[in-house]
Amino acid sequence: MEDASVERLVLKLHEVSGVKFGEYKLKSGLLTPIYIDLRVLVSHPALMNQVSSLLYRRVQDEGLQFDSLCGVPYTALPLATIICSRHELPMLIRRKEAKDYGTKRMVEGSFRQGDTCLIIEDTVTSGTSILETAEVLHKEGLKVTDAVVLMDREQGAVEMLASRGIRLHPLVSVFKLLEVLQAAERIDATTAQSVKTFILDNNTFSRKDDNGTAFPATKKPCVERSAELSYADRAKLPNVHPLASRLLAAMEEKRSNLCLSADVTSGEELLRLADSLGPAICVLKTHVDILEDYTAAFGQKLQALAEKHNFLVFEDRKFADIGNTVKHQYEGGLYQISSWSHIVNAHAVPGPGVVKGLSAVGKPLGRGCLLIAQMSSRGSLATGEYTQAALTMAEEQSDFVIGFICGSRITKRPEFIHMTPGVQLQAGGDGLGQQYTTPEEVLYKNGSDVIIVGRGILEAPDRLQAAESYRKSGWEAYTKRLGCSGQ
């Protein structure tokens, strides 16, 4: 889907008041700073045709297979009708209520048991409208595996529907909408931020009930831990980066959220660590430029150990130059980092160019990047507006950025992974400004995903035993967090 087409659509929707900003009362009683009303489309036929075309293009881009198409009543009905009429596709109509005469059918149209029906919707918040339609179709013997929606408010619909086996394919996300409108000076930064804060504080998805069934929670203002998903659930989200999905799946399989910071000066020692501690970790973090015996074979050997023990390699390079320079630093030079490291990180200081330069090399290789949003050293300047800028940069380049280096969770979007350094079993600090926090504080209280441990393991008399202690402590803190979210 071309960004230009989406941007033109967003601007046109704003022009016809399909998107409004201010203070609006929702059905739940909540006051929202944004109101999306796409019913206005029916009065703008050219725009309705444009929306229908873009929705069908999304269907084609995703390669979706289906036997019929159904629009959620009522706003999506004309969109589905246009798509089906223009492309000669079978359409079904779901009634909101059965009539007490005639056939009394809830689904009108011709179909066979076992057919797959694609759902079209105009906007989603919790995803209940799509789920309700899917349940009606299921009762008629139809299968529903996918739904395409014009506008996703990013408040839990993707996660909720994924938990019920339905992949959601949004045309426009609310964060993308805000980005386009702010760039066009239709809204200011304050308005955009107030909407982002509202969206992040009002996720509608609660993982499971007492019987283990996922369902949308009652909307409440800023419900603590209301949208917690397991690593396994997050790995299956349709918009998660493939490398992030791989990491989350490995974490679930190994019951480990431990990253070993292997800050040793010998390549041979590092490889021995990777082999002996590999079963206990999900990520191995390196500083290749401190190795005194580095050879070209090092990367290949480390890659083989990563495959053997199912962990990812993270070179803690902290790229911080212009795009063209970091591109060469990443793919060339003595270390050729892109050839063996799954993950690298970068400072946000240079602006988006640093990610674009790295992405030009890493994206074709399936690599990923972590942005440094916060640091664990005393007096760090990576706070406040800097952290927010890093988050915005990640959202804009989520096809390569998979998460953050940070002290605590900075976004509720489950696609991003939060990794926290400076972790020891006992809180404290060293003489050089490093501050240490415990696994429970990092994972349970601060909502991070991965603990990065170095000296707590490397300086232990029994490194294997220490690694297992951190793995166990980290996993217990994570499961405690899930338990408090209703899992």
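Here the structure is a predicted model, which is why all the values come from computation and not from measurement.

Caption draft 1: Just helix H11 (residues 297–309), in detail. Helix length check: H11 (13 residues) gives 19 Å between terminal C-alpha atoms against 18 Å at 1.5 Å per residue, within 8%. Where the residues of H11 are buried, they touch helix H9 (242–254), helix H10 (267–277), strand E12 (283–286) and strand E13 (312–319). Trailing H11 by a residue or two, Asn310 shows a phi angle of about 60 degrees, which is positive.

Caption draft 2: Spotlight on the pattern of salt bridges. Taken as a whole, this structure holds 24 salt bridges when the rule is applied. The closest approach of N and O atoms between Glu108 and Arg95, which form a salt bridge, is 3.0 Å. With Glu108 in strand E5 (residues 107–108) and Arg95 in the loop between strand E4 (91–94) and E5, this pair connects stretches of sequence that are 13 residues apart. Looking at Arg95, the relative accessible area reads 25%, which means it is partly exposed. The partner of Asp201 in a salt bridge is Lys412, and the shortest N-O contact between them spans 3.9 Å. Taken together, the residues Asp201 in helix H7 (residues 189–201) and Lys412 in the loop between strand E16 (401–405) and strand E17 (417–420) connect sequence positions 211 residues apart. In the salt-bridge network here, residues are joined through shared partners; they are Glu7, Lys176 and Glu179.

Caption draft 3: Inspection of the packing of aromatic side chains at higher detail. The tally for this structure, following the rule as stated, stands at nine aromatic pairs. Pairing Tyr231 with Trp475 gives two aromatic rings, centres 5.8 Å apart and planes at 55 degrees, and the pair type is tilted. Of the two residues, Tyr231 sits in helix H8 (residues 231–235) while Trp475 sits in helix H17 (residues 463–484), which places them 244 residues apart along the sequence. Both residues of the pair, Tyr231 and Trp475, count as buried. On the basis of an interplanar angle of 5 degrees and a centroid distance of 3.8 Å, the ring pair of Tyr231 and Tyr478 is categorised as stacked. Within this pair, whereas Tyr231 is found in helix H8, its partner Tyr478 is found in helix H17, the two being separated by 247 residues in sequence. Of the aromatic side chains, those joined through ring pairs into one cluster are Tyr294, Phe298, Tyr335 and Trp340. In this structure, Arg413 packs its charged tip against the face of Phe175, placed 5.5 Å from the ring centre. The positively charged end of Lys480 is found above the aromatic ring belonging to Tyr444, 4.3 Å away from the centroid.

Caption draft 4: Fine view of the pairing of strand E6 (residues 117–124). With eight of eight residues buried, E6 is to be regarded as a mostly interior element. In this sheet, E6 lies alongside strand E3 (residues 68–71) in parallel orientation, the contact comprising four bridges. Considered in E6, the bridge of Gly71 is made with Ile120. Two strands pair when backbone bridges link them, and E6 and strand E7 (residues 146–152) are joined in this way by five bridges, in the parallel orientation. Of the residues in E7, the one forming a bridge with Ile119 is Ala147.

Caption draft 5: Looking closely at the sheet that holds E16. Around the barrel, which closes on itself, the eight strands sit in the order E11-E12-E13-E14-E15-E16-E17-E20 with parallel pairing between neighbours. Going across the sheet, the axis of each strand differs from the next one's by a mean of 30 degrees, ignoring polarity. Relative to strand E20 (residues 450–453), strand E11 (residues 258–261) runs parallel, the two sharing three bridges. Bridging across to E20, Cys259 finds its partner in Ile452.

Caption draft 6: View of the sheet that holds strand E8 (residues 167–173). With respect to topology, six strands assemble into an open sheet ordered E5-E4-E3-E6-E7-E8, the strand pairing being mixed. Of all the strands in the sheet, the pair left with one neighbour each is E5 and E8. Where E7 lies against E8, six bridges are found, and the strand directions are parallel. In the strand pairing of E8, Ala147 is matched with Leu168. Across the sheet, helix H6 (residues 174–183) is in contact with E7 and E8; its angle to E8 comes to roughly 10 degrees.

Caption draft 7: Layout of the packing of H6 against H7. Orientation of H6 relative to H7, taken along the N-to-C sense of each, is 175 degrees, at an axis distance of 10 Å. Between H6 and H7, the crossing angle belongs to the class labelled roughly antiparallel. Contact residues: H6 offers Val174, Phe175, Leu178 and Gln182, while H7 offers Ala189, Ala192, Val195, Lys196, Ile199 and Leu200. Within the contact of H6 with H7, the residues separate by chemical class into eight nonpolar, one polar and one charged.

Caption draft 8: Summary view of the pairing of E13. Buried residues dominate E13, accounting for six of its eight residues. Since E12 and E13 lie parallel, the crossover through H11 that links them has a hand, and here it is right-handed.

Caption draft 9: View of the packing of helix H2 (residues 45–62) against helix H3 (residues 76–87). Axis separation between H2 and H3 bottoms out at 9 Å; the angle between their running directions is 70 degrees. The angle between H2 and H3 places the two elements in the roughly perpendicular class. The crossing of H2 and H3 is right-handed. Together, Met48, Asn49, Val51, Ser52, Ser53, Leu55 and Tyr56 of H2 and Pro78, Leu79, Ile82, Ile83, Arg86 and His87 of H3 make up the contact between the two elements. Its residues assigned to classes, the contact of H2 with H3 comprises eight nonpolar, four polar and one charged.

Caption draft 10: How the structure looks around unusual backbone geometry. Between Pro73 and the following residue, Tyr74, the backbone shows a cis peptide bond with an omega angle of 10 degrees. If you trace the backbone, Tyr74 turns up in the loop between E3 and H3. Positive phi values are uncommon outside glycine, yet Glu88 reaches one of about 55 degrees. For Glu88, the position within the fold is in the loop between H3 and E4. One non-glycine residue, Glu185, lies in the positive phi region at around 60 degrees. Mapped onto the fold, Glu185 is located in the loop between H6 and H7.

Caption draft 11: Layout of the confidence of the model for the protein chain. When the pLDDT values of the protein chain are averaged, the result is 88; 88% of them are 70 or greater. Taken as a whole, residues 212–226 scores under 50 in pLDDT and shows 40 contacts with residues more than four places along the chain or in a different chain.

About the criteria used
Residues numbered from 1 in each chain as written. Predicted model: local features only at pLDDT ≥ 70, side-chain atom pairs only at ≥ 80, totals over all residues. Heavy atoms only, no water. Helix = DSSP H or I, 4+ residues; strand = E, 2+ residues; numbered from the N terminus. Expected span 1.5 Å × (residues − 1). Contact = heavy atoms within 4.5 Å. Salt bridge = Lys/Arg side-chain N within 4 Å of Asp/Glu carboxyl O. Buried < 20%, exposed > 50% of the residue type's maximum accessible area, 1.4 Å probe, protein only. Phe/Tyr/Trp six-rings, centres within 6.5 Å; stacked < 30°, edge-to-face > 60°. Lys NZ or Arg CZ within 6 Å of the ring centre and 35° of its normal. Pairing = 2+ DSSP bridges. Axes fitted to C-alpha atoms, helices over the stretch in contact; angles between N-to-C directions. Parallel < 35°, antiparallel > 145°, perpendicular 65-115°, else oblique. Nonpolar A, V, L, I, M, F, W, Y, C, P; charged D, E, K, R; others polar. Right-handed = clockwise from strand over helix to strand, strands pointing away. Left-handed = near helix turned anticlockwise from the far one by under 90°. pLDDT = per-residue confidence, 0-100.

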